[in-house]
Amino acid sequence: MRKNFGSKPMVYPMPVFIIGTYDENGVPDAMNAAWGGISEENEISICVSDNHKTTANLLLKKAFTVSVATADYVKECDYVGIVSGNKVPDKLAKCGFHTVKSEFVDAPIIEELPMALECKLKSYDEESCRLVGEIVNVCADESILTNGKIDPMKLRAITYDSANHGYHVIGERVGNAFSDGKKFML
């Protein structure tokens, strides 16, 4: 038997993204955003309301980064989501995050988070709060690579549990994509 929950923003896993931007003075800012994902081959879509400093920044600079939140920095990633850059302009420094400028877009990369998507603003719809970015580069720290590829077990990405307001680390490998299902092909 199934239980109905009604219309809720629930999907598993729900990635936790940290969106990085610069303001008009080049001061880095970041926010936690959990409602998003890849929407095209080189495109990411995220729900971001228009009252965030991050939104004003990315509309100004036409660029942003999306770092994958990790278990090692769950407190810091949560902090940048519960504190507004409109009220605390140095919130990255307060939680101990350090940034470097992206090589590809006018936006900061958070050094402590080992994977980031560097994006150009493609569109933003104030009514739907839908942010769309063109992914121009993905960068990853060598510490999370195995045989030159991003290793999810080393990354330790977290997912947001909207039903219970928790964060969980992505876990073990349980199958092989584009392979395991072949046993049903005749």
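To be clear, the structure that these remarks concern was listed above.
Residues numbered from 1 in each chain as written. Predicted model: local features only at pLDDT ≥ 70, side-chain atom pairs only at ≥ 80, totals over all residues. Heavy atoms only, no water.

Novice: How would you summarise the sheet that holds strand 2 (residues 28–33) if you had to cite specific residues and measurements?
Specialist: With antiparallel pairing, seven strands are arranged side by side in an open sheet as 2-1-5-8-9-4-3. Either end of the sheet is taken by a strand with one partner, and the two such strands are strand 2 and strand 3 (36–40). Along the sheet, successive strands turn relative to each other by an average axial angle of 35°, direction set aside. Sheet analysis places strand 4 (residues 43–47) next to strand 9 (residues 130–140), joined by five bridges and oriented antiparallel. Bridging from a neighbouring strand, I46 pairs with L131 of strand 9. Strands in contact with helix 2 (residues 74–82) are strand 1 (17–22) and strand 2; relative to strand 2, the strand with the most contacts, it is inclined by about 95°. (Pairing = 2+ DSSP bridges. Helix = DSSP H or I, 4+ residues; strand = E, 2+ residues; numbered from the N terminus. Axes fitted to C-alpha atoms, helices over the stretch in contact; angles between N-to-C directions. Contact = heavy atoms within 4.5 Å.)

Novice: Account for the environment of Y22, naming residues and giving values.
Specialist: One can find Y22 in strand 1. Considered as a pair, Y22 and A63 are 41 residues apart in the sequence and their alpha carbons are 8.7 Å apart. Sequence-distant contacts of Y22, that is, excluding residues within four places in its chain, are made with V27, P28, N57, K61, V100, K101, D106, A107 and P108.

Novice: An account of the packing of aromatic side chains is needed here, citing residue identities and associated values.
Specialist: Inspection of every chain in the model, using the stated rule, returns two aromatic pairs. The interplanar angle of 50° and the centroid separation of 6.0 Å between the aromatic rings of Y73 and F97 together place this pair among those described as tilted. One end of the pair, Y73, is in the loop between strand 5 (63–68) and helix 2; the other, F97, is in the loop between helix 3 (91–94) and strand 6 (99–101), and 24 residues separate them in sequence. Note on Y73: relative accessible area 27%, which makes it partly exposed. Overall, F97 belongs to the buried group, its relative accessible area being 4%. Taking 6.0 Å as the distance between ring centres and 55° as the angle between the ring planes, the aromatic pair formed by Y160 and Y167 counts as tilted. (Phe/Tyr/Trp six-rings, centres within 6.5 Å; stacked < 30°, edge-to-face > 60°. Buried < 20%, exposed > 50% of the residue type's maximum accessible area, 1.4 Å probe, protein only.)

Novice: Outline the environment of T146, supporting the account with residue identities and numerical values.
Specialist: With respect to the element layout, T146 can be found in strand 10 (residues 145–146). In this view, T146 contacts D151 and K154; residues no more than four positions away in its chain are not counted. A distance of 3.1 Å separates polar atoms of two side chains, one belonging to T146 and the other to K154. (Polar contact = N/O pair within 3.5 Å; in protein donor to acceptor, adjacent residues only side chain to side chain.)

Novice: Just give me the short version of the pairing of strand 5, but keep the residues and values in it.
Specialist: Among the six residues that make up strand 5, six are buried, leaving the element largely enclosed by the rest of the structure. Alternating positions in strand 5 separate into two faces, A63, T65 and S67 on one and F64, V66 and V68 on the other, with burial throughout. Where strand 1 lies against strand 5, four bridges are found, and the strand directions are antiparallel. Looking at the pairing, I19 lines up with V66 of strand 5. Of the pairings in the sheet, the one linking strand 5 to strand 8 (residues 115–125) comprises five bridges and is antiparallel in character. Note that in strand 8 the partner of T65 across the bridge is E118.

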